[in-house]
Amino acid sequence: HKPTLQGEVRFGIPEDLATAYLSNILADFVKTHPAIHLNVHCDFTLPLLQGFDAHTYDLVLIKQDPRSPHPCSEEVWK
């Protein structure tokens, strides 16, 4: 039996991505990790990046110019 993950994840995402994709993904995550509290915040990309740099968010999902990515970014899809 795996130990249950618990705690909070502070997640930021632009509204257009949230409305198109987020509900199904979060529903699956909550079923898999019921002891994790998801704190989801929708905003524009620049404030999300500023919040990530200020440690307001643990994770942000944004659209960015591939020629000048944020130093901590990882490509999720094209």
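Residues numbered from 1 in each chain as written. Predicted model: local features only at pLDDT ≥ 70, side-chain atom pairs only at ≥ 80, totals over all residues. Heavy atoms only, no water.

### Here we look at the pairing of strand β1 (residues 7-13)
So, point 1. Where β1 meets strand β2 (residues 36-42), seven bridges bridge the pair, whose relative direction is parallel. For Phe 11, the partnering residue across the bridge sits in β2 and is Val 40.
So, point 2. Assessed by its sense of winding, the connection that carries the chain from β1 through helix α1 (residues 15-32) to β2 is right-handed.
So, point 3. Bridging between β1 and strand β3 (residues 59-60) involves two bridges; their strand directions are parallel. Opposite Phe 11, over in β3, you have Leu 59 as the bridge partner. (Pairing = 2+ DSSP bridges. Helix = DSSP H or I, 4+ residues; strand = E, 2+ residues; numbered from the N terminus. Right-handed = clockwise from strand over helix to strand, strands pointing away.)

### Re the environment of Asp 43
So, point 1. Within the fold, Asp 43 resides in the loop between β2 and α2 (45-53).
So, point 2. Judged by relative accessible area, Asp 43 falls into the partly exposed class, the value being 26%.
So, point 3. Between the C-alpha atom of Asp 43 and that of Ala 18, which follows or precedes it by 25 residues, the distance is 9.9 Å.
So, point 4. Those residues within four positions of Asp 43 in sequence are excluded, and the remaining contacts are Ile 13, Pro 14, Glu 15 and Leu 48. (Buried < 20%, exposed > 50% of the residue type's maximum accessible area, 1.4 Å probe, protein only. Contact = heavy atoms within 4.5 Å.)

### Quick word on the sheet that holds β1
So, point 1. If you walk across this open sheet you meet the three strands as β2-β1-β3, and the pairing is parallel. This sheet does not close on itself; its edge strands, each paired only once, are β2 and β3.
So, point 2. Against the sheet, α1 touches β1 and β2, its axis set at about 175° to β2. (Axes fitted to C-alpha atoms, helices over the stretch in contact; angles between N-to-C directions.)

### Observations concerning the pattern of salt bridges
Pairing between side chains of opposite charge can happen when their charged atoms approach one another.
So, point 1. In total, this model carries three salt bridges according to the counting rule given.
So, point 2. Note that Asp 58 and Arg 10 form a salt bridge whose closest N and O atoms lie 2.8 Å from each other. In this pair, Asp 58 sits in the loop between α2 and β3 while Arg 10 sits in strand β1, placing the two residues 48 residues apart along the sequence.
So, point 3. The class of Asp 58 is partly exposed, set by a relative accessible area of 39%.
So, point 4. One salt bridge in this structure joins Lys 63 and Asp 16, with 2.4 Å as the shortest N-O distance. Taken as a pair, Lys 63 in the segment after β3 and Asp 16 in helix α1 lie far apart in primary sequence, 47 residues in all.
So, point 5. On the basis of relative accessible area, Lys 63 is assigned to the partly exposed category, the value being 47%. (Salt bridge = Lys/Arg side-chain N within 4 Å of Asp/Glu carboxyl O.)

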